[in-house]
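Working through the structure, step by step
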Amino acid sequence: MKIAAAYIRVSTEDQTELSPDSQIKQIREYAKAHDYVVPDEYIFRDDGISGRTARKRPAFNTMIGTAKLTPKPFEAILLWKFSRFARNREDSIVYKSMLRKLGIEVISISEPTGDDKMSVLIEAMIEAMDEYYSINLAEEVKRGMLEKLSRGKCVNSAPIGYVYKEGELIIDDEKADIVRRVYDEYMSGKPMKRIAQDLNTDGIKTLYGNPFENRTVEYILRNPLYAGKLRYTPGGGSKSHYHSDKETMVVEGTHEPIIDPEYWANVQKKIMDNKKIYSKYQRDTSVKHSIMLRGLVRCSACGSLLIKSSYDGMQCGAYTKGKCDLSHFIKISKLDYAVISAIENLDINGSIEIATRQDTKTQKGYDKYDKLIKREYVKLDRIKEAYQNGIDTLDEYKSNKQKITSEIERLEALKAKLPKVIVEDPKKVLEERRQEFLRLVHNPETPKEKLNSSLRSFVEKIVFNRLNTSVAIYYYV
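It should be emphasised that the depicted structure is a prediction, and the values quoted were computed from it without experimental measurement. The residue numbers shown here count from 1 along each chain, following its written sequence. Totals for whole chains, interfaces and linings use all residues, but because this is a predicted model, local features are given only for residues with pLDDT of at least 70 and pairs of side-chain atoms are given and counted only at 80 or more. The basis for every side-chain value is the complete set of non-hydrogen atoms in the structure, without hydrogens or water.

1. So, the packing of aromatic side chains
A pair of Phe, Tyr and Trp rings is counted when the ring centres sit within 6.5 Å of each other, with Trp represented by its six-membered ring. The angle between the planes then sorts it: under 30 degrees is stacked, over 60 is edge-to-face, the rest tilted. This model, assessed by the stated rule, comprises 7 aromatic pairs. Ring plane angle 90° and centroid distance 5.1 Å describe the contact between Phe 60 and Tyr 95, whose orientation is recorded as edge-to-face. Of the two residues, Phe 60 is situated in helix 2 (residues 58-67) and Tyr 95 in helix 4 (residues 89-101); the sequence distance between them amounts to 35 residues. Taking relative accessible area as the criterion, Phe 60 reaches 1% and is therefore assigned buried. What links up through ring pairs into an aromatic cluster is the set Tyr 7, Phe 60 and Tyr 95. Two conditions define a charge located above a ring, namely a distance within 6 Å from the ring centre to NZ of Lys or CZ of Arg, and an angle within 35 degrees of the ring normal. Above the face of the Phe 60 ring, Arg 57 is positioned so that its terminal group lies 4.1 Å from the ring centre. One Lys or Arg, Lys 368, reaches over the ring of Tyr 369 and ends 5.9 Å from the middle of that ring. Helix numbering and strand numbering both begin at the N terminus, where a helix is a DSSP run of H or I of at least 4 residues and a strand a DSSP run of E of at least 2. Exposure is judged per residue with a 1.4 Å probe applied to protein chains only, and the accessible area is read against the type maximum: over 50% gives exposed, under 20% gives buried, and values in between give partly exposed.

2. Considerations on the sheet that holds strand 16 (residues 470-476)
By way of backbone hydrogen bonds, the strands of a sheet pair with one another, either parallel or antiparallel. In this analysis, strands are considered paired if DSSP registers two or more bridges between them. Spatial strand order, 10-15-16-14: 4 strands in an open sheet with mixed pairing. Each edge of the open sheet carries a strand with a single partner, namely strand 10 (297-299) and strand 14 (354-355). The sheet contacts of helix 11 (residues 332-344) involve strand 10, strand 15 (459-465) and strand 16, and relative to strand 16 the element is tilted by about 50°. By definition in these notes, contact holds between two residues if any of their heavy atoms fall within 4.5 Å. Every angle, taken between N-to-C directions, lies between 0 and 180 degrees, and every axis is a line fitted to C-alpha atoms, over only the stretch in contact when it is a helix.

3. Observations concerning the pattern of salt bridges
Counted as salt bridges are all cases of a side-chain nitrogen of Lys or Arg within 4 Å of a carboxyl oxygen of Asp or Glu. Inspection of every chain in the model, using the stated rule, returns 22 salt bridges. Salt-bridge contacts for Arg 45 lead to Asp 21; the nearest nitrogen and oxygen are separated by 4.0 Å. Residue Arg 45 is located in strand 3 (residues 43-47), and its partner Asp 21 is located in helix 1 (residues 20-33); the two are separated by 24 residues in the primary sequence. Overall, Asp 21 belongs to the exposed group, its relative accessible area being 56%. A salt bridge links Glu 218 to Arg 222; the nearest nitrogen and oxygen atoms lie 3.2 Å apart. Taken together, the positions of Glu 218 and Arg 222, both in helix 8 (residues 214-222) and 4 residues apart, correspond to about one turn of that helix.

4. Details of the environment of Ser 157
Position of Ser 157 among the secondary structure elements: in the loop between helix 5 (117-150) and strand 6 (162-165). In this structure the C-alpha to C-alpha distance between Ser 157 and Leu 169, which are 12 residues apart in sequence, comes to 9.5 Å. Look past the residues within four positions of Ser 157 in its chain and what remains in contact with it is Tyr 164 and Tyr 208.

5. Some words on the packing of helix 6 (residues 173-187) against helix 7 (residues 192-201)
At a closest axis distance of 10 Å, the pairing of helix 6 and helix 7 adopts a crossing angle of 145°. Both helix 6 and helix 7 take part in a crossing whose hand is right-handed. Mapping the contact onto sequence places Ile 178, Arg 181, Val 182, Glu 185 and Tyr 186 in helix 6 and Met 192, Ile 195, Asp 198 and Leu 199 in helix 7. Grouping the constituent residues of the contact of helix 6 with helix 7 by class yields 6 nonpolar, no polar and 3 charged. Throughout, a crossing is termed right-handed when the near helix is turned clockwise from the far one, and left-handed when it is turned anticlockwise from it by less than a right angle. Residue polarity is assigned by list, with Asp, Glu, Lys and Arg as charged and Ala, Val, Leu, Ile, Met, Phe, Trp, Tyr, Cys and Pro as nonpolar; anything else, Gly included, falls into the polar class.

6. Focus: the sheet that holds strand 12 (residues 313-316)
Taken in spatial order, the 3 strands line up as 11-12-13 in an open sheet, and their pairing is antiparallel. What marks the edges here is a single partner per strand, and that holds for strand 11 (306-309) and strand 13 (330-331).

Written out as structure tokens, the structure is:
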């Protein structure tokens, strides 16, 4: 028996498709008839999501990522229809080609095609019809939204501070106070980062139950809906949030504003003025900063990475977004000195903890066979479950069990032929890599990237504690 994955997608736009449970039921029936097993962990499901793009389908992306694992986890992906996989021919071609190279087949259980040339044309025609349907539907939806917008009605989901009632946008009194608080605190001089931190400290969550960040606060401050206007960009896009898309429309709405329009305009002016004042401190994204400790240092308060900040320093990445309460700012030169000193003064013969990572070719061979054997044991569980649920007969169960057991024995025999893993002396290896780093770090000609690479060969992570300005280094080999 072969292992297969199932991809289930139901969009809110199509009322003619089967429910998720019905799709799963039909896929399992097809799998049984064609000698496949579909484990529960390989059922990937996106509910209420369009198939026009793969980027916004989390389960689809997880499935594609799983398919790339070695050894391959399944032989095929079963769908109810090809339209479940994609309604965009470009996405379909890219992902199907990638899966074929991995030896994974994409099968529509209700639109059977073969491997001949004519079947390729039929499959392409089916996908073209699906894409036409999707594009036509999108045009109809866009037309309806523009018509609704012309009547001053909101066409987007209700932001924090509002709710829909009988199709009308009305103020949510409790959440509206959060919006007013954000505006008032910003106009009083409090930075967006501090506003986000204070909201999080008070246990206030965003509309979707997440912590506040700088961008969340800025979105609230720059949303004209709070001033009684409606903003809509055909096709969407993140730029439309800030009026920078040339197609963005802003019209008068019929809903009650939470923020006085004149007050809202003053907030916009202050935002733009602040951006001009502090623009010289903004990061130049065209320059890649070379830092010895890049990607290695973590905040002792929340565990986030320290990143390059202004004034030649490093700061907790979560703190810069308003998600960590404790600043971990430190000058790069000072942090470099602390880490180098700690490594120089390391007592290699003392009671030091060293994590071991055996990345040898032999170990990889063991891992490969362990994964393959584990897959076979999963198959054993599935066929037993199929027999207990009355799906397979006793003879079918015995036959499948014999095949799988024989395969396990074959894999165990191959694994036994691998040479034994030689475990090196961790302290000896650590000392060799430490000395190589010290040799490089004391050479002023050594590039920062090379020092970073050398550190990564024996340092797993560095935790910086701002309260006592100390570093804790975790070693591995």
